Amino acid sequence: MRQHTLAGEITQAGVGLHSGVNTQVRILPAPAGSDRFFVRVDLPNTPIIPAQVAAVSQTVLSTQLGKDEVYVRTVEHLLAALAAMGVDNARIEIDGPEVPLLDGSARIWCERIAEVGLVYQTANNLTAPVVITEPIWIYQGDTFVCAIPAPETRFSYGIDFNVAAIGNQWHSWLLTTNLETSSADFASEIAPARTFGLQHQIEHLQKSGLIKGGSLDNALVCGEQGWLNPPLRFANEPVRHKILDLVGDLSLLGNFPVAHFLAYKASHNLHIQLARKILELI
């Protein structure tokens, strides 16, 4: 079976959404079968943090991998870009605790991946993608995320906010078996969708020690009268961003299972619960 890694090195710097700390990321080619993994180059012994479900340590408004002081936060946008663009193996060196938010989306990551390109790798120890044969559900109140048997891998999401500018939105994206077509579609239709928040929640989040690096330059903010920093890149940009988050979180499974992943008003926590349940059942 074939895998892919990067054909060159990617370097990108920026501020972390929650920590407010500036970090630099170097993404390097990695051997076949090594998967995607982080390396905290700022810490003694440069500890490795695997991009796997078992490494998830926190899911409060972002996904965090690691343990105790050895962690890396807000990994979902970068991992979504790598996985959807076909990068199976990558060494991600970072000199701080949080992946840069950049413009709030995965667009820049996708552009950088496209710039360096991919190379084929042979890995004989791989298994075929998991095929979901029975529905798997995680729900909490009226929110849910599930994996439903399907002939292809698809991600569908619904959101519902009590502000007119967002309201009820749905979107769906198909991960095709044609890597070139699928990665180009992801890069144009999902990756540019930016993270978003509600104006009335900002003060509370800041007092809770969150979104220290957030600004109108890297996040969409919506108030009762509408968006504070238009224009949107898509009419339904918020729900497309939720698909971006879901793709990033489920990339921690390694290869995406063949299934229709359907979510409604879900969260990083529910995404990871679904990923864990899939691992239990396969």
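Residues numbered from 1 in each chain as written. Predicted model: local features only at pLDDT ≥ 70, side-chain atom pairs only at ≥ 80, totals over all residues. Heavy atoms only, no water.

Undergrad: So what exactly am I meant to see when it comes to the overall build of the protein chain here?
TA: Within the protein chain, the regular secondary structure consists of six helices and 18 strands. Rg of the C-alpha trace for the protein chain: 18 Å, near the compact-globule value of 19 Å for 282 residues, within the 12% margin. In the protein chain, which comprises 282 residues, the share counted as buried stands at 54%. Accessible area of the protein chain: about 12500 Å², with a carbon and sulfur share of 51%. (Helix = DSSP H or I, 4+ residues; strand = E, 2+ residues; numbered from the N terminus. Rg over C-alpha atoms; globule rule 2.2 N^0.38 Å. Buried < 20%, exposed > 50% of the residue type's maximum accessible area, 1.4 Å probe, protein only. Areas by Shrake-Rupley, 256 points an atom, 1.4 Å probe, with all protein chains shown as cover.)

Undergrad: Can you walk me through the side chain of Ser-182 in this structure?
TA: Along the chain, the position of Ser-182 falls in helix H3 (residues 179-189). We classify Ser-182 as buried; its relative accessible area is 2%. Residues within four places of Ser-182 in sequence aside, it is in contact with Trp-173, Leu-174, Leu-175 and Thr-176. (Contact = heavy atoms within 4.5 Å.)

Undergrad: Looking at this model, I keep getting lost on the packing of helix H1 (residues 76-84) against H3. Mind explaining?
TA: Relative placement of two packed helices is described by the angle separating their axes and the distance separating the axes. Running from N to C, H1 and H3 point in directions that differ by 150°, and their axes come no closer than 9 Å. Judged on the interaxial angle alone, H3 and H1 are roughly antiparallel. Residue-level contacts link Ala-80, Ala-81 and Ala-84 of H1 to Leu-179, Ser-183 and Phe-186 of H3. Split into classes, the residues belonging to the contact of H1 with H3 amount to five nonpolar, one polar and no charged. (Axes fitted to C-alpha atoms, helices over the stretch in contact; angles between N-to-C directions. Parallel < 35°, antiparallel > 145°, perpendicular 65-115°, else oblique. Nonpolar A, V, L, I, M, F, W, Y, C, P; charged D, E, K, R; others polar.)

Undergrad: Looking at this model, I keep getting lost on the packing of aromatic side chains. Mind explaining?
TA: Each aromatic ring pair is specified by the distance between its two centres and by the angle formed by the two planes. Taken as a whole and assessed by the stated rule, the structure comprises eight aromatic pairs. Seen in terms of ring centroids, Phe-155 and Trp-173 are 5.8 Å apart; in terms of plane orientation they differ by 20°. Their pairing is stacked. On the criterion of sequence distance, the pair formed by Phe-155 in strand S13 (residues 153-160) and Trp-173 in strand S14 (residues 168-175) is long-range, its members being 18 residues apart. Note on accessibility: Phe-155 and Trp-173 belong to one class, buried. Taking the centre distance of 5.3 Å and the plane angle of 20° together, the rings of Phe-155 and Phe-261 count as stacked. Highlighted residues: Phe-155 in strand S13 and Phe-261 in strand S18 (residues 260-264), separated in sequence by 106 residues. By relative accessible area, Phe-155 is classed as buried at 0%. Since its relative accessible area comes to 0%, Phe-261 is described here as buried. The ring of Tyr-120 carries the charged tip of Arg-2 above its face, separated from the ring centre by 5.1 Å. (Phe/Tyr/Trp six-rings, centres within 6.5 Å; stacked < 30°, edge-to-face > 60°. Lys NZ or Arg CZ within 6 Å of the ring centre and 35° of its normal.)

Undergrad: Just checking my understanding: could you explain the pairing of strand S1 (residues 2-6) for this structure?
TA: Walk down a regular strand and you will see the side chains alternate between the two sheet faces. Among the five residues that make up S1, four are buried, leaving the element largely enclosed by the rest of the structure. The pairing of S1 with strand S10 (residues 118-122) spans five bridges and is antiparallel. Its bridge partner being in S10, Thr-5 is matched across the sheet by Val-119. (Pairing = 2+ DSSP bridges.)

Undergrad: Would you explain empty space enclosed by the protein in this entry?
TA: With a probe scaled to a water molecule rolled over the atoms, the places where space remains empty come into view. This model, assessed by the stated rule, comprises one cavity of 30 Å³ or more. Of the voids in this model, the largest cavity is the one considered here, and its volume is about 40 Å³. Taken together, Thr-74, His-77, Leu-78, Val-99, Pro-100, Leu-101, Ser-105 and Trp-109 make up the full set of residues lining the largest cavity. Tallied by class, the residues present in the lining of the largest cavity amount to five nonpolar, three polar and no charged. (1 Å grid on protein atoms, 1.4 Å probe; cavity = no way out; pocket = protein on both sides within 12 Å on 5 of 7 lines; lining within 4 Å. Points joined across faces, edges and corners; volume = space filled by probe spheres on them.)

Undergrad: What am I meant to see in unusual backbone geometry here?
TA: Working note: non-glycine residues mostly have negative phi, and peptide bonds are mostly trans. A cis amide bond, omega 5°, links Pro-230 with the succeeding residue Pro-231. Mapped onto the elements of the fold, Pro-231 is located in the loop between strand S17 (226-227) and helix H5 (237-250). With a phi close to 55°, Thr-74 is a non-glycine residue in the positive phi region. With respect to the helices, strands and loops of the structure, Thr-74 is situated in the loop between strand S8 (70-73) and H1. By relative accessible area, Thr-74 is classed as buried at 5%.

Undergrad: Would you take a moment to explain the packing of H5 against helix H6 (residues 268-281) for this structure?
TA: Packing of H5 against H6 brings their axes to within 9 Å, and their N-to-C directions diverge by 35°. At the point where H5 passes H6, the crossing takes the right-handed sense. Packed against H5, whose contacting residues are Lys-242, Asp-245, Leu-246, Asp-249 and Leu-250, the element H6 presents His-268, His-271, Ile-272 and Ala-275 at the interface. Split by residue class, the contact of H5 with H6 holds four nonpolar, two polar and three charged. (Left-handed = near helix turned anticlockwise from the far one by under 90°.)

Fair warning: the whole summary comes from geometry, so function is off the table for now.
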